[in-house]
Amino acid sequence: MKRDVTTTVLGAASLLGLAVVLGLSLTSPLDVNQGSLVRLMFVHVPEAWLSYLAYGGTGLFGLLYLIQRRRHWDRLAMASGEIGLLFTLATIVGGMLWAKPTWGTYWVWDARLTTTALSLVVYGGYLLIRSLIDDPERRARVSAVVGIVGTLYVPVNYMAVEWWRGVHQTQTLKLLGGVRWDAAPIYLPTLLLSVASFTLLYFFLLRLRGTLAAREEAREERELTGVTGRVEVARG
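As recorded in an unreviewed UniProt entry, the protein chain goes by the name Heme exporter protein C, listed as coming from Deinococcus grandis. Looking at the protein chain in UniProt, the text filed under Sequence similarities (unreviewed entry) is "Belongs to the CcmC/CycZ/HelC family." What UniProt records for the protein chain under Subcellular location (unreviewed entry) is the sentence "Membrane".

Trainee: I keep staring at the UniProt feature "transmembrane region" (unreviewed entry) in the protein chain and nothing clicks. Help me out?
Mentor: Here the UniProt feature "transmembrane region" (unreviewed entry) sits at residues 49–67, 79–99, 111–129, 141–164 and 184–205. The straight-line gap between the two end C-alpha atoms of residues 79–99 is 30 Å; of that span, 100% is helix and 0% is strand. Helix makes up 100% of residues 111–129 and strand 0%, with an end-to-end C-alpha separation of 27 Å.

Trainee: What's the story with the nonpolar core in this structure? I'm lost.
Mentor: General note: in soluble globular proteins, nonpolar side chains tend to be found buried as a group. Core analysis: the largest hydrophobic core is formed by 26 residues, its most contacted members being Leu-50, Tyr-55, Phe-61, Ile-83, Phe-87, Tyr-202 and Leu-206. For this core, the secondary structure elements donating two or more residues are helix H2 (41–68), helix H3 (71–103), helix H4 (111–132), helix H6 (153–163) and helix H7 (188–235). Among the elements that make up this core, the one with the highest residue count is H3 (7 residues). Among all residues touching Phe-61, those that are not within four sequence positions of it are Trp-73, Leu-76, Ala-77, Ser-80, Tyr-202 and Leu-206. Listed in part, the 6 residues of the second largest apolar core include Val-38, Met-41, Phe-42 and Tyr-187.

Trainee: Which parts of the structure should I look at to understand the side chain of Gln-171?
Mentor: Summarising the element assignment, Gln-171 is placed in the loop between H6 and strand E1 (173–174). Side-chain polar atoms of Gln-171 contact the backbone oxygen of Tyr-158, separated by 2.8 Å. Each residue touching Gln-171, except ones within four places of it in the same chain, is listed here: Arg-112, Tyr-158, Met-159, Val-161, Glu-162 and Asp-182.

Trainee: What should I look at first to understand the UniProt feature "domain: Cytochrome c assembly protein" (unreviewed entry) in the protein chain in this one?
Mentor: According to UniProt, the "domain: Cytochrome c assembly protein" (unreviewed entry) feature falls on residues 4–168. Each end of residues 4–168 is marked by a C-alpha atom, and these two atoms are 42 Å apart; helix forms 80% of the span and strand 0%.

Trainee: What is the right way to look at the pattern of salt bridges in this model?
Mentor: With the rule as written, the count across this model stands at 7 salt bridges. Where Arg-71 meets Glu-217, a salt bridge forms, and the shortest distance between an N and an O atom there is 3.1 Å. In this pair, Arg-71 sits in helix H3 while Glu-217 sits in helix H7, placing the two residues 146 residues apart along the sequence. Residue classification places Arg-71 among the buried residues on the basis of a relative accessible area of 19%. Here Glu-216 makes a salt bridge to Arg-209, at a shortest N to O gap of 4.0 Å. Assessed through its relative accessible area of 33%, Glu-216 is described here as partly exposed. Because the salt bridges share partners, they merge into one network encompassing Arg-71, Arg-75, Glu-137 and Glu-217.

Trainee: Mind showing me how you'd approach the side chain of Asp-110 here?
Mentor: With respect to the helices and strands, the residue Asp-110 is situated in the loop between H3 and H4. Reaching out from Asp-110, the side chain makes a polar contact with the backbone nitrogen of Arg-112 at a distance of 2.9 Å. Apart from the residues within four sequence positions on either side, Asp-110 is in contact with Gly-166, Val-167 and His-168.

Trainee: I tried to follow a nonpolar patch on the surface on my own but got confused; where do I start?
Mentor: A surface patch of nonpolar side chains, about 320 Å² in accessible area, is lined by Leu-16, Val-20, Leu-24 and Leu-193. Among the elements that line the nonpolar patch, the one with the most residues is helix H1 (residues 5–27), at 3 residues. Here Val-20 is to be found in helix H1.

Cut-offs used in this document
- Residues numbered from 1 in each chain as written.
- Predicted model: local features only at pLDDT ≥ 70, side-chain atom pairs only at ≥ 80, totals over all residues.
- Heavy atoms only, no water.
- UniProt positions renumbered as here; feature names shortened; annotations may be inferred.
- Helix = DSSP H or I, 4+ residues; strand = E, 2+ residues; numbered from the N terminus.
- Core = buried A, V, L, I, M, F, W, Y, C linked by side-chain atoms within 4.5 Å.
- Buried < 20%, exposed > 50% of the residue type's maximum accessible area, 1.4 Å probe, protein only.
- Contact = heavy atoms within 4.5 Å.
- Polar contact = N/O pair within 3.5 Å; in protein donor to acceptor, adjacent residues only side chain to side chain.
- Salt bridge = Lys/Arg side-chain N within 4 Å of Asp/Glu carboxyl O.
- Patch = residues over 30% accessible without salt bridge, like charges linked within 9 Å, V, L, I, M, F, W, Y side chains within 5 Å.
- Areas by Shrake-Rupley, 256 points an atom, 1.4 Å probe, with all protein chains shown as cover.

Written out as structure tokens, the structure is:
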């Protein structure tokens, strides 16, 4: 089996980065208002970022498939959708751990939380559609369209706290209308390192899952070719 050096490097780099972030987050000073809960930010925010990145990747790879009709892009779109769904769940769990001591409850139907929950329906449906369509080309076309439309979730979810004010705090790191950091400056370097590490983790998981998907597809094609060959022999 050929060794994938790029995947190995990405995996090692993301693991090293996450280990450093863990050490920095555990030794970071407590927040005046939130105490040790502030440390959840170093995981919760990058998880949310990774889910945005993954859903954006699903739409981008789907678009590239529609343009080039290469199965490679379809496999990456599927892999990215799975990663996005996984880290959306992780984002929700992390948010619930923060919400209970802060709001007194694990969940409220706030605009940000509601749109996040809806993304599970959208991308769960995306993966369900893929499992229900047998024809590879039709499956790729339909899921590409769903993936492209689904990327609308990203700006809607990001802006939900601005458009529909609820109990969820606004963005700690504001990117629109001028970059602004609304927290103690000492936390920013650790958060940026965590975001970078999670980004590397995304590309590692994407390559790993894409490789596994290619092997599964090749095996299915070999099995289909074998069945077709046996049928032809039987007919002859």
